[in-house]
Amino acid sequence: MTVVSPRTGAEAVRALAKDPKAVPLAGGTDLMVGWNMGLLNGRAIVDLSRVTEWQKITVSRRSVVIGSLVTHSEIQKHPVVRTRFPLLVQACATVGAAQIQNRGTLGGNVANASPAGDSFPPLAVYEAIVHCAGPGGNRVVSIHEIFAGVKRTTLRPGELIEAIELPFPPWVPTRAVFRKVGTRAAQAISKTMFAGLLRLKKDGTVADVRLAFGSLAPTVKRLRSAERFLTGRRLDAAAAGGAAALLIDDVSPIDDVRSTRDYRLEASRNLLVRFLEGAKR
Ligand SMILES: Cc1cc2nc3c(=O)[nH]c(=O)nc-3n(C[C@H](O)[C@H](O)[C@H](O)COP(=O)(O)OP(=O)(O)OC[C@H]3O[C@@H](n4cnc5c(N)ncnc54)[C@H](O)[C@@H]3O)c2cc1C
């Protein structure tokens, strides 16, 4: 097997450009499963583990930029990410178990594009921006634009994820919740996942709200209809029920090996109602 070990992002891009069939390897937690199934036979590996510039978390006045090779464990320890982006921290703490969190990277989670990627609902409500580097230069896309379907991204040939940027939200949420529903409390692939941020005004009406679900559809979904419905409305049981009824306007739950459509829909509506009913000024 051919393994190339670039030291910089530019070298990694060049290595992929030379051999478009080569596979980038970050923590390997997804890739090694494919290897065991023979999916990598005959393909060269571009090992990213020495690309130190993509292993950093950088804080500026407007955002936090998480290098693609930062692991789920490192995200959980970072003081600014913990304070300002707690839903991402909670999601990273539910990825597999400690061994997977120690090796698995945020960039690998996004590039793998599983419908059940735990980081995606938080990345959606924090309106993350994905920084890509490729033979045609660098570009940025929103977290929604990077996903094309189940295990498919819109990364162009030879392109790599260099970082995921989290802009500081312009408001401080009154309520912030991440929930993952799986078969077990640990080491479970989710059936549904929810992330919500909400700010109430003094009069109890909704000033700002961002809602996202993962594992319900091939890609993560923001609940734009429910967000529009809730904004400016007094948050009572009727408003929560109205928002839950709008869930299927934005996301039509799938049936698959992990769960049925009906279970997913019911559990997701319950997560949303509990989130809204728990909001207090
Ligand atoms: C036992 C087990 C349990 C798991 N549990 C969970 C879970 O609960 N939740 C969850 O979300 N995931 C889970 N996973 C999946 C996996 O651990 C995560 O998706 C992890 O974040 C992948 O990161 P990695 O660095 O290991 O990626 P790798 O395996 O190295 O790569 C994954 C894919 O992304 C590509 N890639 C990696 N880095 C880049 C980059 N910078 N640019 C472009 N392409 C890139 C690779 O070529 C490959 O196709 C689990 C995996 C295992 C084996």
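Nothing here was measured: the structure is a model prediction, and the numbers come from that model.

**Observations regarding the site of the ligand**
Contacts to the ligand come from 32 residues, most closely from Pro24, Gly27, Thr29, Asp30 and Thr105. Here an oxygen atom of the ligand sits 2.8 Å away from a polar atom, N or O, in the main chain of Gly28. A distance of 2.7 Å is found between an oxygen atom of the ligand and a side-chain nitrogen or oxygen belonging to Asp30. Contact with the protein chains removes 86% of the 980 Å² of surface that the ligand exposes when unbound. Elements represented by at least two residues in the shell around the ligand include exactly strand 2 (23-25), helix 2 (31-36), helix 7 (106-112) and strand 10 (160-167). By residue number, the principal contributor to the shell around the ligand is helix 7, which donates four residues. Partitioned by chemical class, the residues of the shell around the ligand number 15 nonpolar, 14 polar and three charged.

**Topic: the side chain of Ser268**
Note that Ser268 resides in helix 13 (residues 261-277). Taking the relative accessible area as the measure of exposure, Ser268 reaches 0% and is therefore buried. Separated by 2.5 Å, the side chain of Ser268 and the backbone oxygen of Arg264 make a polar contact. Beyond its immediate chain neighbours, meaning those up to four positions away, Ser268 contacts Thr192, Phe213, Leu216 and Leu247.

**Some thoughts on the pattern of salt bridges**
Under the definition given, this model contains ten salt bridges. With a closest N to O distance of 3.3 Å, Glu165 and Arg62 form a salt bridge. Of this pair, Glu165 sits in strand 10 while Arg62 sits in the loop between strand 4 (57-59) and strand 5 (63-67), and the two are 103 residues apart along the sequence. In this structure Glu165 comes out as buried when scored by relative accessible area, which is 6%. Given a relative accessible area of 55%, Arg62 falls into the exposed group.

**Structural notes on the packing of aromatic side chains**
Counted according to the given criterion, the structure contains five aromatic pairs. Relative to Phe168, the ring of Phe85 lies with its centre 5.7 Å away and its plane at 15°, an arrangement referred to as stacked. Taken together, the residues span a long stretch of sequence, with Phe85 in the loop between helix 4 (79-84) and helix 5 (86-92) and Phe168 in the loop between strand 10 and strand 11 (175-181) at a distance of 83 residues. Looking at Phe85, the relative accessible area reads 0%, which means it is buried. Relative accessible area serves as the criterion here: at 17%, Phe168 is assigned to the buried category.

**A look at the packing of helix 11 (residues 237-245) against helix 13**
Where helix 11 meets helix 13, the axes come as close as 9 Å, and the angle between the chain directions of the two elements is 150°. In this view, helix 11 runs roughly antiparallel relative to helix 13, as classed from their interaxial angle. Our pair here, helix 11 against helix 13, has a crossing hand that is right-handed. Mapping the contact onto sequence places Ala237, Ala240, Ala243, Ala244 and Ala245 in helix 11 and Arg269, Leu272, Val273, Leu276 and Glu277 in helix 13. The class makeup of the residues in the contact of helix 11 with helix 13 is eight nonpolar, no polar and two charged.

Quick notes on the rules
Residues numbered from 1 in each chain as written. Predicted model: local features only at pLDDT ≥ 70, side-chain atom pairs only at ≥ 80, totals over all residues. Heavy atoms only, no water. Near = heavy atom within 4 Å. Polar contact = N/O pair within 3.5 Å; in protein donor to acceptor, adjacent residues only side chain to side chain. Areas by Shrake-Rupley, 256 points an atom, 1.4 Å probe, with all protein chains shown as cover. Helix = DSSP H or I, 4+ residues; strand = E, 2+ residues; numbered from the N terminus. Nonpolar A, V, L, I, M, F, W, Y, C, P; charged D, E, K, R; others polar. Buried < 20%, exposed > 50% of the residue type's maximum accessible area, 1.4 Å probe, protein only. Contact = heavy atoms within 4.5 Å. Salt bridge = Lys/Arg side-chain N within 4 Å of Asp/Glu carboxyl O. Phe/Tyr/Trp six-rings, centres within 6.5 Å; stacked < 30°, edge-to-face > 60°. Axes fitted to C-alpha atoms, helices over the stretch in contact; angles between N-to-C directions. Parallel < 35°, antiparallel > 145°, perpendicular 65-115°, else oblique. Left-handed = near helix turned anticlockwise from the far one by under 90°.

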